[in-house]
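# Observations on chain architecture
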Amino acid sequence: MDRNTVTGFILIFLVMVAWTYYSMPSEQERQQRQAEQARQDSIAAAQADSQQQKQEQAQDLTQQQQEPEQDEEQTNARLTQDQEKVSEMGMFSEASIDDSTKIVVDSPLFNATFTNVGAGPSKIIFKDYETWDHKPVQMIKDTTESAYSLGFLTSENYNVETDELVFKQVTPGDTVSIGKNDTTEVKYALNISDDKRLVYTYTLFGNSHQIKLDVEFEGLERQIIGGTVDIGWKSPLNFTEKNPATTEATYASAYVYTGGEMEQLKLSEAGRNTQDYNGTIDWVATRTKFFAQIIKTDNPTQSALLVGEQSGETDLSTTEHRYRSYITTDLSQQNAASFHMYVGPLDYYALQDYDGTTYGMVDTGYSWISWISDPIVEYLVIPYFGFVDGYMSYGWAIILFAILIKMVLYPLTKKSYRSMAAMKELQPKMQEIKEKYDDDPEKQQKATMKLYKEEGVNPLGGCLPNLLQLPILITLWRFFQNSIMIRQQEFLWAADLSAPDYILSLPFSVPFLGDQVAGFVLLMTAAMFAQSKLTGGMGPGGGGGGGGPGGVNMKALQYVFPFMLLFIFNNFAAGLSLYYLIYNVMNIAQQLIIYRQMDKEKEAEAA
């Protein structure tokens, strides 16, 4: 392996080591997580009888439709518990009714349960997504009342929160089914008097995860102080991935988009924090790793509020993560407000249909390379996978993508190896210069640069393909771990290309590596060892490149580097390891072809 190639690899290695050092837990932290996980499992077992609402998440969609009243006892208990709160809201609490009702909306994409306690969704179950253990994804953690709550100040000086009020369900029945291209409405009313009422009208779409909410204050224009209301999603979002303390907790957060910039609220330790934003608000959101709820409005906005609560250390399984987001808006002249909500996956096309700026919540690369990583994802990676989706699995798509990238870079790769070969041929002359000017580094430098110029050799030519590959590699590194596109996509032994593909379990834990070894990483390491051996033992004329004084160290490094990448890549997404495996196999093939061409050219010149 030539010194220039090693320089390129070292650049990649330094970036990866820095990230690994920053994000990888220590051995002590791993043991603490395991202990906490065991304690949590014991607590969960002891409390199993009291967790009926969580057990319901594991049931299939048919059971969910057949059980619209299973939570009635729990909901009525909540109504009793909130009775004192309700009594503190004046005419609005007086309009609150006693009985709870539910209506289930069944669409091709989801199964949503709406409750009149707060007049909104209390369960949203996705039909096209599953948790890591293949149970339906249920977004809402608190299923006793509406996840949405509208807040406002009344002329009686009461602070009203509508999730504590019980509305009348206007839409008849307890089940509504909608087709792929159809829409339906779910309507609630809080009847204060004959000419005063608060009306909620939800519009749901059979082909989208979007929800539209129209709020009307009929005859209440004098009762709402300032003519402003705020709406927020108050329920925590359920985690969906395996080992959430290490795979999802770092993603749980709240967002706001204002002034052309996205701001995030993320707690790094136990406690509570709030962030206020004034002015025009485009949207607010809360999210987990792969799913989110988002709210925006057509009405003029005044401010936004993000709230975060964390009960313990971020990476402990017992820690509760609770994020809320609110947006404050002016009522229209008709004393109404319209809201557009999204409750669903962080899918590129679904979010583009809702609001393109919301995809900024998905981490596609570090901020210092976002100027190139964002276009790579938006104009190369996503369109490519969207195109091949109907023709092959994502595993084969990643393989083909790596082959195409190497083919595009082939002219640069060819130039790189030719530059490396030229540098090898100059080694004797460079050694002579070093011996001649051993005591004068400045003259040695000038003589070396003169030699490069006379021979037409670029000393950095061997690094160019690696430097061009670095942004793509870093982008895929982040994208494959964070994109729902390859989530739960299987390939060979890998059950999920967005997670590590562990195939070996160790009886002990190795620092940085862990106690399991991933399959594609092992193959990738083997390919890199093969490439190192090829580079060190081949070239025009068959000679190696280790003849210089530093050749022994360089040769040792080229074999140590693949072993270091085994530790770095082991806990990354299987899709990334698969990509880099094929990339290195293609590199070996191209290297063989180029060296043979160069040997033939040399033989022709000698003849």
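Parameters and conventions
- Residues numbered from 1 in each chain as written.
- Predicted model: local features only at pLDDT ≥ 70, side-chain atom pairs only at ≥ 80, totals over all residues.
- Heavy atoms only, no water.
- Helix = DSSP H or I, 4+ residues; strand = E, 2+ residues; numbered from the N terminus.
- Buried < 20%, exposed > 50% of the residue type's maximum accessible area, 1.4 Å probe, protein only.
- Contact = heavy atoms within 4.5 Å.
- Pairing = 2+ DSSP bridges.
- Patch = residues over 30% accessible without salt bridge, like charges linked within 9 Å, V, L, I, M, F, W, Y side chains within 5 Å.
- Areas by Shrake-Rupley, 256 points an atom, 1.4 Å probe, with all protein chains shown as cover.
- Salt bridge = Lys/Arg side-chain N within 4 Å of Asp/Glu carboxyl O.
- Lys, Arg positive; Asp, Glu negative; His and termini not counted.
- Charge placed at Lys NZ, Arg CZ, Asp CG, Glu CD.
- pLDDT = per-residue confidence, 0-100.
- Axes fitted to C-alpha atoms, helices over the stretch in contact; angles between N-to-C directions.
- Parallel < 35°, antiparallel > 145°, perpendicular 65-115°, else oblique.
- Left-handed = near helix turned anticlockwise from the far one by under 90°.

For the rest of this paragraph, the subject is the overall build of the chain. Helices and strands together make up the secondary structure of the chain, namely 18 helices and 22 strands. Out of the 607 residues belonging to the chain, those deemed buried represent 52%. Taking the contacts inside the chain whose residues are at least 6 apart along the sequence as the reference set, 69% of them involve residues at least 24 apart.

Within strand E16 (residues 281-287), six of the seven residues are buried, leaving the element largely enclosed by the surrounding structure. Sheet topology note: the strand E13 (residues 253-258)/E16 ladder contains six bridges and is antiparallel. Residue pairing in the sheet places Ala-254 in a bridge with Thr-286 of E16. Of the pairings in the sheet, the one linking E16 to strand E17 (residues 291-297) comprises four bridges and is antiparallel in character.

On to a negative patch on the surface, then. Among the surface-exposed residues, Glu-432, Glu-435, Asp-438 and Asp-439 lie close enough to one another that they form a single negatively charged patch. Position of Glu-435 relative to the elements: it lies in helix H13 (residues 427-436). Relative accessible area serves as the criterion here: at 56%, Glu-435 is assigned to the exposed category.

Another aspect to go through is the side chain of Asp-496. With respect to the helices and strands, Asp-496 occurs in the loop between helix H15 (464-482) and strand E21 (502-510). Despite its burial, Asp-496 pairs with no opposite charge; the closest candidate is Arg-487, at 5.7 Å N-O. Beyond its immediate sequence surroundings of up to four residues, Asp-496 is in contact with Ile-486, Arg-487, Gln-488, Gln-489 and Ala-574.

Scanning the model with the defined rule gives 13 salt bridges in all. Its salt-bridge partner being Lys-135, residue Asp-133 comes within 3.6 Å of it at the nearest N-O pair. The partly exposed category is assigned to Asp-133, whose relative accessible area is 30%. Close ionic contact of Arg-324 with Glu-309 constitutes a salt bridge, the shortest N to O distance being 3.5 Å. Taken as a pair, Arg-324 in strand E19 (residues 321-330) and Glu-309 in strand E18 (residues 301-310) lie far apart in primary sequence, 15 residues in all. Each member of the salt-bridge network shares a partner with another, and the members are Arg-272, Glu-309, Arg-322 and Arg-324.

Looking now at a nonpolar patch on the surface. A contiguous nonpolar surface patch, about 560 Å² in accessible area, is contributed by Leu-492, Trp-493, Ile-503, Leu-504, Leu-522 and Leu-523. At the level of elements, E21 and helix H16 (519-537) are the ones that each hand at least two residues to the nonpolar patch. Structurally, the position occupied by Leu-522 is in helix H16.

On average, the chain scores 79 in pLDDT, and the residues at 70 or more come to 80%. Segment residues 27-70: pLDDT under 50, and 51 contacts once partners within four positions in sequence are set aside and those in other chains are kept. Note on residues 537-551: pLDDT under 50 across the span, and 23 contacts to partners over four residues away in sequence or across chains.

The subject of this paragraph is the packing of helix H10 (residues 370-388) against helix H11 (residues 394-408). Geometry of a packed helix pair, given as the angle between the helix axes and the separation of the axes. Here H10 crosses H11 at 130°, and the two axes come no closer than 10 Å. When the axis of H10 is compared with that of H11, the two are oblique. For the element pair H10 and H11, the recorded crossing hand is right-handed. Residues Leu-380, Val-381, Tyr-384, Phe-385 and Val-388 of H10 lie in contact with H11, whose contacting residues are Tyr-394, Ala-397, Ile-398, Leu-400, Phe-401, Leu-404 and Ile-405.

Here we take up unusual backbone geometry. Despite not being glycine, His-134 has its phi angle at roughly 65°, a positive value. Positionally, His-134 belongs in the loop between strand E3 (120-130) and strand E4 (136-138). On the accessibility criterion, His-134 (54% relative accessible area) is exposed.

Here we take up the sheet that holds E16. Taking strand neighbours across the sheet as the criterion, the nine strands line up as E7-E9-E10-E11-E20-E17-E16-E13-E14 in an open arrangement whose pairing is antiparallel. Of all strands in the sheet, those bounded by a partner on one side alone are strand E7 (168-169) and strand E14 (261-265). Here E13 runs beside E14; their pairing, made up of five bridges, is antiparallel. Each residue of the ladder has a partner; that of Val-256, found in E14, is Glu-263.

Across the sheet, which stays open at both edges, the six strands sit in the order E6-E5-E12-E19-E18-E15 with antiparallel pairing between neighbours. The strands lining the two open edges of the sheet, one partner per strand, are strand E6 (159-161) and strand E15 (271-278). The sheet shows a mean angle of 15° between the axes of neighbouring strands, direction not considered. Across nine bridges, the pairing between E18 and E19 is antiparallel. The residue bridging Thr-301 from the neighbouring strand is Thr-329, located in E19.

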